[in-house]
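So the chains spell out like this:
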Amino acid sequence: GNWYTPLFATSTMDLGPGNGYWVRNKQTGAAQTSYFGGLVQTTEVSVDVDVDVDAGITILHMMGQPLAADVPLDETGTTLWADGALGSTTDAGADEIWVWDTPTSSYKKAFLLVGYGAPFDGNWYTPLFAPTDIVLNKGMGWLYRSKPDTARAGVPSWQWTEPVPY
């Protein structure tokens, strides 16, 4: 089948590698299982991340994990900080990653800690300053919260490039 806009025009959205999306299922009654498929990435994946330069606006990006391997948010698992993610000494000033935690029916959050020096800088922590256990599982969608940063003014976006871990 085809996807359509609310005005019944054929959709032109590009659901490329690394771009997340939300599907609203309007079926009622019995439970339904939906399957989405695509090619397994064999090269690094690059995703543009828009920068929030207006303190009155926080940008949430829907992102996806298109690699055939899990990407842990520990010091060995991601290139986000090196590529341009904003870190801070508190979650109030740093970019965040949110993943849905089904057992608790809530979001797990992690922020990029920067400003304390080694071995802390560049690692992702919970809002309670514990190292995160978040893993971006293969095929999983997640939210990236871009925080305001006047130092990034004039820079419309940065590019996260995650190498293939296999």
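Residues numbered from 1 in each chain as written. Predicted model: local features only at pLDDT ≥ 70, side-chain atom pairs only at ≥ 80, totals over all residues. Heavy atoms only, no water.

Topic: the pattern of salt bridges
- The final tally for this structure, using the stated rule, is two salt bridges.
- The partner of Glu96 in a salt bridge is Arg145, and the shortest N-O contact between them spans 3.4 Å. With Glu96 in strand E4 (residues 96–101) and Arg145 in strand E8 (residues 141–146), this residue pair connects regions lying 49 residues apart in the sequence.
- Residue classification places Arg145 among the partly exposed residues on the basis of a relative accessible area of 23%.
- Residue Lys108 pairs with Asp133 through a salt bridge whose shortest N-O separation is 2.7 Å. Taken together, the residues span a long stretch of sequence, with Lys108 in strand E5 (residues 106–113) and Asp133 in the loop between strand E6 (123–125) and strand E7 (135–136) at a distance of 25 residues.
- Classification of Asp133 as exposed rests on a relative accessible area of 55%. (Salt bridge = Lys/Arg side-chain N within 4 Å of Asp/Glu carboxyl O. Helix = DSSP H or I, 4+ residues; strand = E, 2+ residues; numbered from the N terminus. Buried < 20%, exposed > 50% of the residue type's maximum accessible area, 1.4 Å probe, protein only.)

Topic: the packing of aromatic side chains
- Summed over the entire model, instances satisfying the criterion amount to three aromatic pairs.
- With 5.5 Å between their ring centres and 85 degrees between their planes, Phe111 and Phe129 make a pair best called edge-to-face. Of this pair, Phe111 sits in strand E5 while Phe129 is found in the loop between E6 and E7, placing the two residues 18 residues apart along the sequence.
- Assessed through its relative accessible area of 0%, Phe111 is described here as buried.
- A connected cluster of aromatic rings, assembled from ring pairs, spans Trp98, Trp100 and Tyr107.
- The residue whose ring lies beneath Lys109 is Trp98, and the NZ or CZ to ring-centre distance is 4.5 Å. (Phe/Tyr/Trp six-rings, centres within 6.5 Å; stacked < 30°, edge-to-face > 60°. Lys NZ or Arg CZ within 6 Å of the ring centre and 35° of its normal.)

Description of the nonpolar core
- Leu80, Ile97, Leu136, Trp142 and Tyr144 are the most contacted members of the largest nonpolar core, which totals 23 residues.
- Secondary-structure elements contributing two or more residues to this core are strand E1 (45–50), E4, E5, E8 and strand E9 (157–162).
- The leading source of residues in this core is E1, at three residues.
- When residues no more than four places from it in sequence are discounted, the contact partners of Leu136 are Gln65, Ala69, Asp70, Val71, Leu73, Ile97, Val99, Trp142 and Trp160. (Core = buried A, V, L, I, M, F, W, Y, C linked by side-chain atoms within 4.5 Å. Contact = heavy atoms within 4.5 Å.)

A short note on the side chain of Asp101
- Residue position: Asp101 is located in strand E4.
- For the buried Asp101, which has no salt bridge, the nearest side chain bearing the opposite charge is Lys108, at an N-O separation of 5.0 Å.
- A distance of 2.7 Å separates the side chain of Asp101 from the side chain of Thr104, its partner in a polar contact.
- The residues contacting Asp101, other than those within four sequence positions of it, are Ser106 and Lys108. (Lys, Arg positive; Asp, Glu negative; His and termini not counted. Polar contact = N/O pair within 3.5 Å; in protein donor to acceptor, adjacent residues only side chain to side chain.)

Let's talk about the pairing of E8
- Inspection of the sheet shows strand E2 (residues 59–64) paired to E8 by six bridges, in the antiparallel sense. Bridged to Ile59 within E8 is Ser146.
- Sheet analysis places E4 next to E8, joined by three bridges and oriented antiparallel. In the sheet register, Trp98 faces E8, and the bridge partner there is Leu143. (Pairing = 2+ DSSP bridges.)

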